[in-house]
Amino acid sequence: MSNFFGDLAPLSFDPEAEGLAFRAYNPDEVVLGKRLEDHLRFAIAYWHSFAWPGGDPFGGQTFERPWFGDGMDAARLKAEVAFEMFELLGASYFCFHDLDIRPEGASFTESKRNFEEIVAIFEEKMETAKVRLLWGTANLFSHRRFMSGAASNPDPDVFAWSAATVKSCMDATHRLKGENYVLWGGREGYETLLNTDLKQELDHMGRFLSMVVDYKHKIGFPGTILIEPKPQEPTKHQYDYDVATVFGFLQRFGLEKEVKVNIEQGHAILAGHSFEHEIALAQALGVFGSIDMNRNDYQSGWDTDQFPNNVPEVALAYYEILKGGGFTTGGTNFDAKLRRQSLDPEDLIAAHAGAMDICARGLKAAARMLEDDALEAPRRARYAGWETPEAQAMLTSDLASISARVEAGDVDPQPRSGRQEKLENIVNRYV
Ligand code: XLS
Ligand code: NI
Ligand code: NI
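We now turn to the structure provided with this report. (Residues numbered from 1 in each chain as written. Chains lettered and ligands numbered in written order. Predicted model: local features only at pLDDT ≥ 70, side-chain atom pairs only at ≥ 80, totals over all residues. Heavy atoms only, no water.)

## Some words on the sheet that holds strand β3 (residues 42-45)
To be explicit about the condition: Any two strands with at least two DSSP bridges between them are considered paired. Strands are runs of DSSP state E lasting at least 2 residues, helices are runs of H or I lasting at least 4, and numbering of each runs from the N terminus. Each axis is a line fitted through C-alpha atoms, taken for helices only over the stretch in contact, and angles between the N-to-C directions span 0 to 180 degrees.
Strand order in the closed barrel formed by eight strands is β3-β4-β5-β6-β8-β10-β11-β12, and the pairing between neighbours is parallel. Along the sheet, successive strands turn relative to each other by an average axial angle of 30°, direction set aside. Direction of pairing for strand β5 (residues 132-137) relative to strand β6 (residues 180-183): parallel, over a ladder of three bridges. Bridge pairing in β6 links G136 to Y181.

Below, the structure written as structure tokens:
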């Protein structure tokens, strides 16, 4: 026991509790025939909760954690505390990058040895712990070697280093029975076109991803490979800009059946979309995988990674997820960090507990909207004209025959209300 969280007891569902508890998230509550926990599939992000020191562009570390330091002892203590927090929160899953869990070694081999030692600790803890691995990933953006990208780096040695790193992270994810493997192309993009061969970089990224997919099949990893779109930050322009861009990229390399997307709320906002737009589009294109649940400050132009705190917004996101049949291998990963003044160990617990409650409320509202056909009935009515035989026949005919019908006077468009305000009122009855 690390005693980092003092005498805090595991949280339970208790809407009347004085202290820390779940007020809306009852994991065993059955919604649409499934336990809430199995719908939401909550995951804790190792990087934000245990590795992030609380810095911002103008200030350094604010958190003082007993495990901050470079050695393996620090990494072991960090793992200890992480699993304690997973237990306190009853977390279903966690997610990590290689760099979050191990110190950087003097060589690739030493880094890999450090990494594998901690992975072995995770494996042992997971034999008795409830928590499972939602996804693993590689940090191919923090170290200076990645300053010009990973798979898109002009230096083939960085491409090679990245490939070796992803291999080791996929091996670890497979070993820990992870349900997905994520690629977020942190620095896959450019700062200036003046020094960038955009076509070559995209081709290399396509080749790299094909190798990842081949390796998945080679080792028999049953999980899903996910790409996490983001439009900019850290680079000025990122190649995996949004869901539509990623889908075009996947199609170009014939990978649209092999790879799905992990959609993050804050990244959707940065791309000028809503979260629900990105989810709905991924569902429509057959590539919806998982979500990084957070919230972006609407006044800041960067990825603020705050814990979700807005039921109506979250409800619309889960609405699109449930409408598409819910998560399969994906889940709700809290890619969210405390504000840098939130120093207390309890702040970490409160942040997650509050976020889990918000998500539970959002998902339950979404489920009720679906059950009542509250939005789908008017949506179907809006498209009902397409159910007639003449309308269907038009889709397999041609411009000339359609034109003949119009010229014969058989067609008479009548504008109809889109009823947006009425629909918004309906949503507000649920949230
Ligand atoms: C950063 C990304 C990152 C990914 C994992 O903006 O959200 O945290 O989720 O590499
Ligand atoms: Ni993310
Ligand atoms: Ni992010």
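## Some points on the packing of aromatic side chains
As a reminder of what qualifies: Here is the rule: rings of Phe, Tyr and Trp (six-membered ring for Trp) pair when centre to centre is within 6.5 Å. Planes less than 30 degrees apart are stacked, more than 60 are edge-to-face, and the remainder are tilted. Accessibility here uses a 1.4 Å probe with only protein chains present; expressed as a share of the type maximum, an area under 20% marks a residue as buried, one over 50% as exposed, and anything in between as partly exposed.
Under the criterion given, the structure shown has 27 aromatic pairs. Arranged with centres 5.2 Å apart and planes meeting at 65°, the rings of Y46 and F50 form a pair that is edge-to-face. Remark: F50 and Y46 occur in helix α2 (residues 46-51); sequence separation between them is four residues, near one turn of the helix. Each member of the pair, Y46 as well as F50, is classed as buried. Put simply, the rings of F4, F5, Y46, F50, W67, F68, F83, F86, F94, F96, F115 and F122 pair up and form one aromatic cluster.

## Comments concerning the pairing of strand β10 (residues 259-264)
The element β10 is largely enclosed, with a buried count of five among its six residues. Here three bridges tie strand β8 (residues 224-227) to β10, and the two strands are oriented parallel to one another. Bridge pairing links I225 to V259 in β10. Relative to strand β11 (residues 288-292), β10 runs parallel, the two sharing four bridges. Its bridge partner lying in β11, N262 is registered against S290.

## Some thoughts on the coordination of the nickel ion (ligand 3)
To keep things clear, this is the line we draw: Only nitrogen, oxygen and sulfur atoms within 2.8 Å of the metal, or 3.2 Å for Na, K and Ca, are treated as donors, and water is left out, so sites may look incomplete.
Here the nickel ion (ligand 3) is held by E264 (OE), H267 (NE2) and D303 (OD), and the distances to it run 2.1 to 2.4 Å. Sequence spacing of the donor residues for the nickel ion (ligand 3), all on one chain, is E-x2-H-x35-D. A spacing of 3.8 Å is found between the nickel ion (ligand 3) and the nickel ion (ligand 2), which share E264 as a donor. In this pair, H267 is assigned in helix α9 (residues 265-270) and D303 in the loop between β11 and α11 (311-323), connecting sequence segments 36 residues apart.

## A few points about the nonpolar core
Filter applied, for reference: Working definition of a nonpolar core: buried Ala, Val, Leu, Ile, Met, Phe, Trp, Tyr and Cys residues. They are joined through side-chain atoms within 4.5 Å. By the convention used here, residues are in contact when the closest approach between their heavy atoms is within 4.5 Å.
One finds Y46, F86, F94, F122 and Y318 to be the most contacted residues of the largest nonpolar core, which totals 109 residues. Setting aside anything within four residues of it in sequence, one finds Y46 in contact with A51, K78, A79, A82, F86, F94, C95, F96, D100, I101 and F122. By size, the runner-up hydrophobic cluster in this structure holds nine residues, among which are A43, W135, V182 and L226.

## A few points about the site of ligand 1
Filter applied, for reference: Any residue with a heavy atom lying within 4 Å of a molecule or strand is counted as near it. Polar contact is the term for a pair of N or O atoms within 3.5 Å; when the atoms are in protein, one must be able to donate a hydrogen and the other to accept it, and sequence-neighboring residues count only if both atoms are side-chain atoms. To measure how exposed things are, a 1.4 Å probe is used in the Shrake-Rupley method; for residues, cover is taken only from the protein chains shown. Following the grouping adopted for this structure description, the nonpolar residues are Ala, Val, Leu, Ile, Met, Phe, Trp, Tyr, Cys and Pro, the charged ones are Asp, Glu, Lys and Arg, and the polar ones are all others, Gly among them.
Ligand 1 sits among W47, H97, W135, W184, E228, K230, E264, H267, D292, D303 and D335. In the environment of ligand 1, an oxygen atom lies 3.1 Å from a nitrogen or oxygen atom belonging to the side chain of H267. Taken by itself ligand 1 offers 290 Å² of open surface, and the protein chains cover 95% of this. The residue makeup of the shell around ligand 1, split by class, is three nonpolar, two polar and six charged.

## Focus: the pattern of salt bridges
Rules: When a carboxyl oxygen of Asp or Glu is within 4 Å of a side-chain nitrogen of Lys or Arg, the pair counts as a salt bridge.
Scanning all chains against the criterion turns up 24 salt bridges. Taking the shortest distance from any N to any O, the salt bridge between E104 and R102 comes out at 3.2 Å. Of the residues examined, E104 reaches a relative accessible area of 32% and is grouped as partly exposed. Using a relative accessible area of 11% as the deciding quantity, one classes R102 as buried. In the salt-bridge network here, residues are joined through shared partners; they are D28, R35, E37, D38 and K130.

## Considering the environment of R252
Secondary-structure assignment places R252 in helix α8 (residues 243-252). Placed 22 residues apart in sequence, R252 and S274 show a C-alpha to C-alpha distance of 26 Å. A polar contact of 2.6 Å, which involves the side chain of R252, links it to the side chain of D203.

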